[in-house]
Amino acid sequence: MNVAIVGASGAVGQEFLRVLAERNFPIDNLVLFGSERSAGTKYTFRGKDYEVKLLQHNDDFKDIDIAFTSAGAGTSREYADDITKFGAVMIDNSSAFRMDDDVPLVVPECNAEDALKRPRGIIANPNCTTIMMVVVLQPLEKLSHIRRIHIASYQSASGAGAAAMAELQEQYRQLVNGEEVTVSKFPYQLAYNVIPQIDVFQPNGYTKEEMKMFNETRKIMHSDVKCSAMCVRVSSLRAHSESVWIETERPISVEEAREAIAAAPGVTLEDEPERLVYPMPLDTAGKDDVYVGRIRKDLADDNGLTFWLSGDQIRKGAALNAVQIAEYLVKAGEFDKAGR
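Residues numbered from 1 in each chain as written. Predicted model: local features only at pLDDT ≥ 70, side-chain atom pairs only at ≥ 80, totals over all residues. Heavy atoms only, no water.

J.: Just to check I follow, could you spell out the overall build of the protein chain for this structure?
T.: Counting its secondary structure elements, the protein chain contains nine helices and 14 strands. Relative to a compact globule of 340 residues, whose C-alpha radius of gyration would be 20 Å, the protein chain shows 20 Å and is just as compact. By sequence separation, contacts in the protein chain at least 24 residues apart represent 66% of the contacts at least 6 residues apart. Element-wise, carbon and sulfur atoms account for 49% of the exposed surface of the protein chain, whose accessible area totals about 15100 Å². Distance between charge centroids for the protein chain: 2 Å, based on 38 positive and 50 negative side chains. (Helix = DSSP H or I, 4+ residues; strand = E, 2+ residues; numbered from the N terminus. Rg over C-alpha atoms; globule rule 2.2 N^0.38 Å. Contact = heavy atoms within 4.5 Å. Areas by Shrake-Rupley, 256 points an atom, 1.4 Å probe, with all protein chains shown as cover. Lys, Arg positive; Asp, Glu negative; His and termini not counted. Charge placed at Lys NZ, Arg CZ, Asp CG, Glu CD.)

J.: Even after reading the chapter, I still don't get the side chain of Gln138, so can you show me in this structure?
T.: Checked against the element boundaries, Gln138 lands in helix 4 (residues 128-141). Those residues in contact with Gln138, other than ones at most four positions away along the chain, are Glu109, Cys110 and Met221.

J.: Quick question: what am I supposed to make of the pairing of strand 7 (residues 89-92) here?
T.: The side chains of a regular strand alternate, residue by residue, between the two faces of the sheet. Of the two faces of strand 7, the one holding Val89 and Ile91 and the one holding Met90 and Asp92 are both buried throughout. In the classification by handedness, the crossover that spans strand 6 (residues 66-69), the intervening helix 2 (residues 73-84) and the parallel strand 7 is right-handed. Across three bridges, the pairing between strand 7 and strand 8 (residues 122-124) is parallel. Looking at the pairing, Asp92 lines up with Ala124 of strand 8. (Buried < 20%, exposed > 50% of the residue type's maximum accessible area, 1.4 Å probe, protein only. Right-handed = clockwise from strand over helix to strand, strands pointing away. Pairing = 2+ DSSP bridges.)

J.: Where do I start with unusual backbone geometry in this structure?
T.: It is generally the case that most residues other than glycine have a negative phi and that most peptide bonds are trans. The backbone of Asn24 sits at a positive phi, close to 55°, despite the residue not being glycine. Of note in the backbone geometry, His222 takes a positive phi value of approximately 50° without being a glycine.

J.: It is not clear to me how the environment of Ile261 should be interpreted in this structure. Could you clarify?
T.: One can find Ile261 in helix 7 (residues 254-263). When residues no more than four places from it in sequence are discounted, the contact partners of Ile261 are Val136, Pro139, Leu140, Val267, Leu269, Val292 and Ile295.

J.: I tried to follow the environment of Gly74 on my own but got confused; where do I start?
T.: For Gly74, the location among the structural elements is in helix 2. Measuring from C-alpha to C-alpha, the distance between Gly74 and Ser235 comes to 27 Å, with 161 residues separating the pair along the chain.

J.: Just to check I follow, could you spell out the packing of aromatic side chains for this structure?
T.: Geometrically, a pair of aromatic rings is defined through the distance of the ring centres and the angle of the planes. The full count for this structure, using the stated rule, is five aromatic pairs. A ring pair is formed by Phe45 and Tyr50, whose centres lie 6.4 Å apart and whose planes are at 65°; its orientation type is edge-to-face. With relative accessibility at 4%, the residue Phe45 sits in the buried group. With 5.4 Å between their ring centres and 50° between their planes, Tyr154 and Trp308 make a pair best called tilted. Of this pair, Tyr154 sits in strand 9 (residues 146-155) while Trp308 is found in strand 14 (residues 304-312), placing the two residues 154 residues apart along the sequence. (Phe/Tyr/Trp six-rings, centres within 6.5 Å; stacked < 30°, edge-to-face > 60°.)

J.: Would you mind going over the sheet that holds strand 2 (residues 29-34) with me for this structure?
T.: In any sheet, the strands associate via hydrogen bonds between backbone groups, in a parallel or an antiparallel arrangement. If you walk across this open sheet you meet the six strands as 5-2-1-6-7-8, and the pairing is parallel. At either margin of the open sheet sits one strand with a lone partner, and together these are strand 5 (53-54) and strand 8. Sheet analysis places strand 1 (residues 2-6) next to strand 2, joined by five bridges and oriented parallel. In the sheet register, Asn2 faces strand 2, and the bridge partner there is Asn29. Most of the contacts of helix 2 go to strand 7, to which it runs at about 155°, and overall it touches strand 1, strand 6, strand 7 and strand 8. (Axes fitted to C-alpha atoms, helices over the stretch in contact; angles between N-to-C directions.)

J.: For this particular structure, what's the right way to read helix 1 (residues 11-22)?
T.: Because an α-helix packs 3.6 residues into every turn, residues spaced three or four apart end up facing the same way. Its twelve residues place the ends of helix 1 17 Å apart at the C-alpha level, agreeing with the 16 Å of an ideal helix rising 1.5 Å per residue. Within helix 1, nine of the twelve residues are buried, leaving the element largely enclosed by the surrounding structure. Of the positions making up helix 1, those classed as buried are Ala11, Val12, Gly13, Gln14, Glu15, Phe16, Leu17, Val19 and Leu20. Each element contacted by the buried residues of helix 1 is listed here: strand 1, strand 2, strand 3 (42-45), strand 6, helix 5 (162-176) and helix 9 (315-331). Asn24 sits one or two positions beyond helix 1 and adopts a positive phi of about 55°. (Expected span 1.5 Å × (residues − 1).)

J.: Honestly, the environment of Asn204 in this entry has me stumped. Any pointers?
T.: Note that Asn204 resides in the loop between helix 5 and helix 6 (208-221). At 3.0 Å, the side chain of Asn204 forms a polar contact with the backbone nitrogen of Tyr206. (Polar contact = N/O pair within 3.5 Å; in protein donor to acceptor, adjacent residues only side chain to side chain.)

J.: What is the right way to read the nonpolar core from this model?
T.: In summary, soluble globular proteins display a tendency toward joint burial of nonpolar side chains. The biggest cluster of nonpolar side chains holds 54 residues, and the ones touching the most others in it are Phe61, Ile149, Ile246 and Phe307. The element best represented in this core is helix 4, accounting for eight residues. Those residues within four positions of Phe61 in sequence are excluded, and the remaining contacts are Ala4, Val6, Phe33, Leu55, Ala67, Asp82, Ile83 and Phe86. Judged by nonpolar contacts, the second largest core, of 43 residues, contains Ile5, Val52, Ile123 and Leu329. (Core = buried A, V, L, I, M, F, W, Y, C linked by side-chain atoms within 4.5 Å.)

J.: Teacher, can you tell me more about the sheet that holds strand 12 (residues 267-269) here?
T.: Read from one edge to the other, the open sheet built from six strands follows the order 10-9-11-14-13-12, with strand pairing classed as mixed. Only two strands of the sheet have a single neighbouring strand rather than two, namely strand 10 (226-233) and strand 12. Across the sheet, the mean angle separating the axes of adjacent strands is 20° when strand polarity is ignored. In the sheet, strand 9 pairs with strand 11 (residues 239-248) via eight bridges, with the strands oriented antiparallel. Paired with Tyr154 across the bridge in strand 11 is Ser241.

In structure tokens form, the structure reads like this:
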């Protein structure tokens, strides 16, 4: 397999390197791409040094089988034709193509087979909060159709990139030392604070992030479910958490839900409230699974359940999900054809 990473110097790009190495993804040749700022930087992968090439409009992707892209929606749109024109599969981590009808939006635990139909050669990686939620919703959907979702997210600094993580850490240092706080990556100081805004506001009063959860969930799950979200930035570093309330067509017992979630791929049940066992971002950072706890009946809805989840935004919320898509394609024989 010939693999490319576009945006190799970013937080997700660096996580791609770690995940591909940890999972022993079959790579014969690796090519790293970046902006003028990161071109020339060297990174080590499986004991070998690789230099980041400048991303340009040329034929650099001619022999590439899979390109993982995480350099922003604008870059993805600009270079999509260059990446895919020779047959490479572009697995894109931006929001550029997620809602396009001819681009599958894939979470392997939910709809892996959608990745096999990609007329433009592009597969979209969903929004991080959506990925983590639908991984948990899928086993519950199999018990009874989910009609409504209400969600409050608690999203880490990593969702805004590596520079945002560094800014949060710097803010805490500045506060401890009595210095003026630097605010650049967020609309307000994040340290010792929560900000009830992620992305820009839309005409209906929801943010773009909140509307992503509505639209992407329906596309991934092939469902008419309605999802109302409140997305909040909190001062955890790299793991997101979510409080989720669902309404199903028939009542689902707590016992049924626990059993289904415990058996689901990509999910770990941590639900022993009597022992104060539940997921927290401090513990889920750096782990692959989405962790679930606090499962209980919704006191305001006879057909309702509510639960808490937490997972690593850079891993399952981005790099790991993309690599899992690639693994599915390899297993399905998509690269066994002559000439690729």
